[in-house]
Amino acid sequence: MEEDAGLFAKVEALDSVPLVETERDKLEDPGFEVASPPPEAEDEPHVRCSRPEKGHSATSANKREEKTAPRDRIQALHLRRTLDHLEKLHREKDVFIEKTREELRACRQRAGLLTEQQDSVAARVATEREATNMAAVGRLQALSGRLRVELEKEQCLQARAVATLRDSESAMWHIEIQEGRLEGVRKRAQEEATSARRCLQVQAARRLHREEEALVKVERNRLLRVRRSMYLQKEHGVRHQRLVEDAQKNHKVAVKLLKASLGRIREQERKERKESLEHLKRRMEAVLALKGSIAANRETLRKFQAWGQAKAALAEQRAQVEKAEILAHGGDAFKHLFHQRRYQELEAQNRAFEEEQRLRKQEIVSRILKEEAKEDARKKKACPPAKATARLTLRDKAWSYVAHICEGKATAAMTCCPLLQEIDSPAHPRTSRLVEAVSSESVQGGSGNVTGKSGMLAEPEIPGLWSEDCDSYQVPKEDMDQKPVRGTKVDKDILARTVEQLPSRIVHKQVASGHSFKGQPFHSKPKLIHFKDFDIGKVYKKKIRLVNATYMINYCKLVGVEEHLKDFVHIDFDPPGPMSAGMSCEVLVTFKPMINKDLEGNVSFLAQTGGFSIPLKCSTKKCSVSLDKELVDFGSCVVGETASQAITLTNIGSLGTRFRFLRASESCEVDTSPLALNTSDLFTYKDKGFYDKIVPSFSEGQKDGDESSPLDTPSPKESGKLGSKEPEVGPVESEGMTVPTITALPVGEDQAEISLGEVTEGDISPFSSIRVPIIFTPVIPGAVHTRFKVMFKNQQCPTLCFRAVGVAMDVPVWVPKPQVDLKICMYDRLYQDSVLVRTRSKATLRLTFEVCKELRAHIELLPETGYIQALSSYSVQLKFLPRHSLPEDAGKYFDKETRVLEAPVTIQVSDQIKPVGFTVHAIVTTSDLELKPPEVDFGYCTIYEAIRTQVSLCNHSLLPQEFGFVGLPKFVDIQPNDGFGTILPLETLHLDVTFQPSEAKEYDFELLCKSEISRCFRLTCRAVGVHPPLDLSHHQIKFAATSLYGTSVATLYVINSHLSTSPLTHSVPRIGSEDASPVGPTTFEFLLPPDSPITISPSVGTVLPGKKCLVQVAFQPGLSSKLVRKEAFQALAKELEARKDTATPRKDLQRPSFSRLQLQDRGQLVQASPRQPLELQKPDVNSSSDEYLAAQAALARSFQGKFDKFVVPCVLASGDIKDRKGMEPLSFSPHNTLFLELWCPAVAPAIVVTSDKGKTISNFGDIAVGHRCIKKVSIQNISSEDLAVDFSVLNPSGPFVLLNPIRELPAGETRVLALSFSPQESVLAQEMLDIITRRGTLSLTLMGTGVASTITCSIEGGVLNMGYVIARESVSSGFQLQNNSPLPIKFSMRLDSLSNGRTEGRQQVPQFLASRDQRTDIVGTQNLSGQSVFSVVPVEGILEPSRAQDFTVTFSPDHESLYFSDQLQVTLFDKMLSHQILLKGAAREHMMFVEGGDPLDVPVESLTMTPTLALERREEAEELKPILVTLNYVQLDTDTPAPPATRELQVGCIRTTQLTPKKSIEFSLDSIASLQHKGFTIEPSRGAVERGQTKTISISWVPPAYFDPDHPLTASALLQLRGDVKETYKVLLVAQVVTSP
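Residues numbered from 1 in each chain as written. Predicted model: local features only at pLDDT ≥ 70, side-chain atom pairs only at ≥ 80, totals over all residues. Heavy atoms only, no water.

### Topic: the overall build of the chain
Then, in step 1: For the chain, the helix and strand inventory stands at 25 helices and 79 strands.
Then, in step 2: Residues counted as buried form 33% of the 1637 residues belonging to the chain.
Then, in step 3: Look at the contacts in the chain between residues 6 or more apart in sequence, and 72% of them connect residues 24 or more apart.
Then, in step 4: By element, 53% of the accessible surface of the chain is carried by carbon and sulfur atoms, the whole surface being about 102000 Å². (Helix = DSSP H or I, 4+ residues; strand = E, 2+ residues; numbered from the N terminus. Buried < 20%, exposed > 50% of the residue type's maximum accessible area, 1.4 Å probe, protein only. Contact = heavy atoms within 4.5 Å. Areas by Shrake-Rupley, 256 points an atom, 1.4 Å probe, with all protein chains shown as cover.)

Structure representation (structure tokens):
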């Protein structure tokens, strides 16, 4: 109902609002809507939309309507808003009426229901009344009353709902009436929307037409670009094809060069690898040799070191004896040793000089001998033999000539015979072994034979043949036959040009469709004419087909074959005449071989487009053999078995040959036919015997086991020198001779186990293969490898080599872990392990495990018998339980010294003779622990004391064991760790057993020690407990630290509590189980140790029963007279030594004197020098002498303190000491003895400063003014008595204060003085504090410097303006604080808005009620959320001296306001205010702001919340924001023109992180003309402002001519800002003339 009333009130308020609002100030902006439009302006939108269609005809009408258009649009906007509001109210009212009707209907239904219930209740009441059931009647009457009340409520609710419905319907009628009044406006709005859509369609059609035209242009341009790109692509393709062809040609050349280069590189790498391997081998041998020599040298050095140490010890012993003898006779040992050392150095110098002279003599003699030898050699060279150098032997001349002849065929000669390569090569001048053999044979041969041969060829028939200038014969080239035999160079050039011009007359260039033909004109099928495997005398024919591959008709003519093929090849070719493209013709080639030689050449043809040729090849029958593998791997094979594999020998050639399989160790000479010499007749058939003689003699010197001949494998020394390529294994042929292949047995090959099958030699046919079996029969386990070779009768077939390897395995059953190591085991302990057995057999085997009979009682294998499956494993359990009888039972298998057991175990395998065995290793040790001594007797011990003894626990085992003493009685304690711990192998631990009896009796008990395996070891103990008749009140006295020559006194009582001998009331004194001591007086006596600083008074006394005697124990430490005299002797010795040094200056300053070395350690004076000789030299030092007193004072000052512990026995005796007769001693019992333990610490005397390393100057350093620094000084009284302490008076007005003065300083105690320094000004202060005692005065110097704390701030003026920021965003700014003082300063930052005193100011009158000048509150607007709008980081910290600290202030407003402010206070040391910084800031909801003008409001916001309106409501409620600008034109002199009055406005754009449609704002001022008429000048009147920038609007005014000075001039202008929203400011200008200041 309340909602309905509110809606009705809104409707009435809407009725009261006039439709047209008249304003005095009219707005000219079309977008500024204030009032509803007049009726004549309703069709304006239609006119505006149709303006482009009318063109120039509607221009005049538009100009007439420009003045009324803004107002009409504003009125239309208001009417549309009113209409929308009415529609919204209509909908809400409809909903409300429907709800009210539903409620009314429900109310009527409930009322009807209640009426029916009431009637039924009334009927039931009547029924019950008739039945006289008064209880039911009463209940029903109450129910009827409740129903009546509810019915009345429902009726009231129904009446209220009817009234509400009536009012709502009335309001609905009013709304419908208003809508009827605005129906015309609705229709006009619909027409405007229709016209707007029509305008948009027209514009879209025009835009579409323009886009289509642009699309046509784009398509035309695209076609042009496509044509251009196709043309460019075509040119690029042609150019690319050319480049590809060039690249292919270059690639072929590069590949050829690269292959050659790679071949050379691989050859060089192979050589380097070989050399590196040989070098590495030599290095390894050298390292091994070095390692052996190092080991030998170490042993030698160890012997020399031991010998040197023994020699040095002997020399040192002799020196000590000699020095002792010198000192005993009163001599100077140092002087003697010094002279002796100098004498030894002189002798060493003499020996070095003699050795140097001897070496120089040897050098001179060697130089003389060298010069004589050089002179003799020079004389021999000067007259050499006449013919010895010029005459050469036959063989040298022959080999030299062969080298010259073979220079033209270097490549062939190098590969065929490496001997010739090594002879004449300048890079390798060394000869090969064969040449060396030849030379040696020539020297060792018969003299007659050599002389005869050399005589025959000494003078050659052809002069110049043997000369070195003779050029070697060169084989003529093939093309030399085509050149003329005779002719000059000019003739050759003319002939070449003629030959080039001849084809040009016949050959024509063929061009078709603009393309010239390039390439071979005819293609041959097949491309190669190959006559393969021909026989001499037979005729072979082949047909080939030539196909015309040109573009047009072409001709073909046979030119012929090459000259060297004309005798064997005949071509039958009938020229077919003109041939069209693609046509073919046949050519018949007939080959009739006459020689068995490979032939190659070309068949040449000539076509119209040029010549071409077809390759022709004729190859003889050849034998090409190969093996299918080079390694025959048999893998693993059990000893005794046989494995066989086959290797296949394949011949893919058409010529068969005979082969033979041999071991690499076997040699075989294959029949060879010597080749005829082609180049010279140097060697004839008669000379063959010469080389037959050379080769056998050369092969006899080889060792067995070399895999290749000496020609192939040089020696390690020669491998680094020879750089030639390693020749292949095979026969080495040279011109005129054949060297057979020589092989030897390789090292490490087994010839018996790997052998060849039955087929080892035979003939292999062409295009066939033969399988040769290789059999492996292992005999001995291990790896086996054998090398084989295949040799052929055909010399063209190389020798093939292959290897056969195999591994001979042991029996099929084996144990992977043949050594079972059980580590260290103890007796009578069970140890188990699992033994794994594997088998290689493919059948199930039966295994039986057997242990030697000696160890069967200790080792057991379960199960004893088992079956192992094929190719699987079997696990057996090994149990080892060593017993103590193992050393006797094991016999040879057990070493008693090392306790090592090696038990062999055998595995018997069925069907196998050789058993499998493995060994069980174990170190068997005992688990015994031994206690030494086995029995402990503590003797007699009183109940007031404890006796401690040491027991050793020894571990005889090789394993660590844990132990513990268990079940200890209460009177026994074992340490360390209460008798528990771990003892290492063979270790002995010392344990302290403490016995303290609790009563007097005899003790006999055992201590039980258990190990971790529950073995028990017992220690028997005995003792007698004694209860003495007297007791001490303290059995231990700990004296306080007592200074030297001071006294500390302690008191104790000797108590006699023995009053009765009845054991029932208390424990009576007795010794063990003896009778109790008698009751009566008992005498005691303290027995002090000699020369002890302890005094006991009384030391002897008697105590009556029930009484006690007071005893005083005094401790007075002091320095012993012996120690003081030693110090005095030492001082005197130093004085005497100083006198000697001044009398006789020392030459050697680097070596310390012997006496000084002796006197360095005062405590070791007696050991450093013998006492008796020193006492004989020095007089006795009295205790009253200056030396003694000085030594005593020095020792007292340097006394470090000591601690002594004394145990004073107190013996007891029955009876009174007064009753003894004369000097007769009392019968003191040694068992009834009490012991008093005294702890006596002694310290040094004197009062000293113990703090700050004893310094007496206390420097407080730099302290800030107003602060206080406390420094503590510790003083210690090290004198022998207590001291009364007084202090001097410090300056009462000074900065120094003694906080805790003391009056007395006890002996040996330390006091701490607290000194305070609190400067009040920046000054350097210094004072003296005297500590006055009876024994002297100690002066302390107090110093300190007061420093003022000063810091500077980087903010000038004390104001930090954060500027404008968008609400709910933040901006930061920074400033610095600089510490200008030399002290660190603690600072803290405080905001006034967060201070506690701000609540007190709120109780006063609000600041906005006071005038602007009287306002003192600097805290302005704050955030509505309660958080501070300003924050600073860091809040507190410490400024280091001469350092600066950066601070960041963050401004974070949460709503719009222009008066955010706060004050930041910088506080030093939490109490001194240093700086105050005013923080200001402003926040806007939008990105634009205007600043300037006169203030028109108070800088204090209301406490009420300003509601946040939506964007639509904000536009409705938009008001003009006034800005007052007052301009005072100051004119003091009417004759002189005054400058214009000027004011400024700032227009700014706030930088924000939000996404806005505009990146800048625009501003504009209207009514500029009217303002200029009144004398105002505004610059600029419009403009744009970027983000984060401001722009200044300058306003100046000069009074116009008609201005009245008595009345101020007023004017107004509208300032509009357009950004994310639009804002309008009304600028009110007030100008006046001021004539007086």
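Next comes the rest of the account.
### Considerations on the sheet that holds strand β75 (residues 1576-1579)
Then, in step 1: Pairing in this open sheet of 4 strands is antiparallel, and the strands run β71-β73-β77-β75 from one edge to the other. Because the sheet does not close on itself, it has two edges, and the strands there are β71 (1488-1492) and β75. The mean angle between the axes of side-by-side strands here comes to 20°, regardless of whether they run parallel or antiparallel.
Then, in step 2: Pairing of β71 with strand β73 (residues 1541-1549) involves 5 bridges; the strand directions are antiparallel. Pairing of Glu1491 across the sheet is with Gln1546, part of β73. (Pairing = 2+ DSSP bridges. Axes fitted to C-alpha atoms, helices over the stretch in contact; angles between N-to-C directions.)

### Digging into unusual backbone geometry
Then, in step 1: Cis peptide bonds are those with omega within 30 degrees of zero, and the linkage from Gln975 to Pro976 qualifies with 5°.
Then, in step 2: When you line up the elements, Pro976 lands in the loop between β36 (972-975) and β37 (980-983).
Then, in step 3: A cis amide bond, omega -5°, links Val1433 with the succeeding residue Pro1434.
Then, in step 4: You can see Pro1434 is positioned in the loop between β66 (1430-1433) and β67 (1436-1439).
Then, in step 5: Not every positive phi belongs to a glycine, and Leu871 is a case in point at roughly 50°.
Then, in step 6: Structurally, Leu871 is set in the loop between β27 (865-868) and β28 (873-880).
Then, in step 7: With a relative accessible area of 57%, Leu871 lands in the exposed category.
Then, in step 8: Although it is not a glycine, Ser1442 adopts a positive phi angle of roughly 55°.
Then, in step 9: Position of Ser1442 relative to the elements: it lies in the loop between β67 and β68 (1444-1451).

### A word on the confidence of the model for the chain
Low-pLDDT stretches of the model should not have their predicted coordinates read in fine detail.
Then, in step 1: Per-residue confidence for the chain averages 76 on the pLDDT scale, and 75% of its residues sit at or above 70.
Then, in step 2: Of the regions scoring below 50 in pLDDT, residues 405-486 engages in 71 contacts with residues more than four places distant in sequence or in other chains. (pLDDT = per-residue confidence, 0-100.)

### Examining the side chain of Ser1381
Then, in step 1: Mapped onto the secondary structure, Ser1381 falls in the loop between β64 (1371-1379) and β65 (1385-1391).
Then, in step 2: Reaching out from Ser1381, the side chain makes a polar contact with the side chain of Asn1379 at a distance of 2.7 Å.
Then, in step 3: Residues within four places of Ser1381 in sequence aside, it is in contact with Val1347, Ala1348, Ser1349, Thr1350, Pro1441 and Ser1442. (Polar contact = N/O pair within 3.5 Å; in protein donor to acceptor, adjacent residues only side chain to side chain.)

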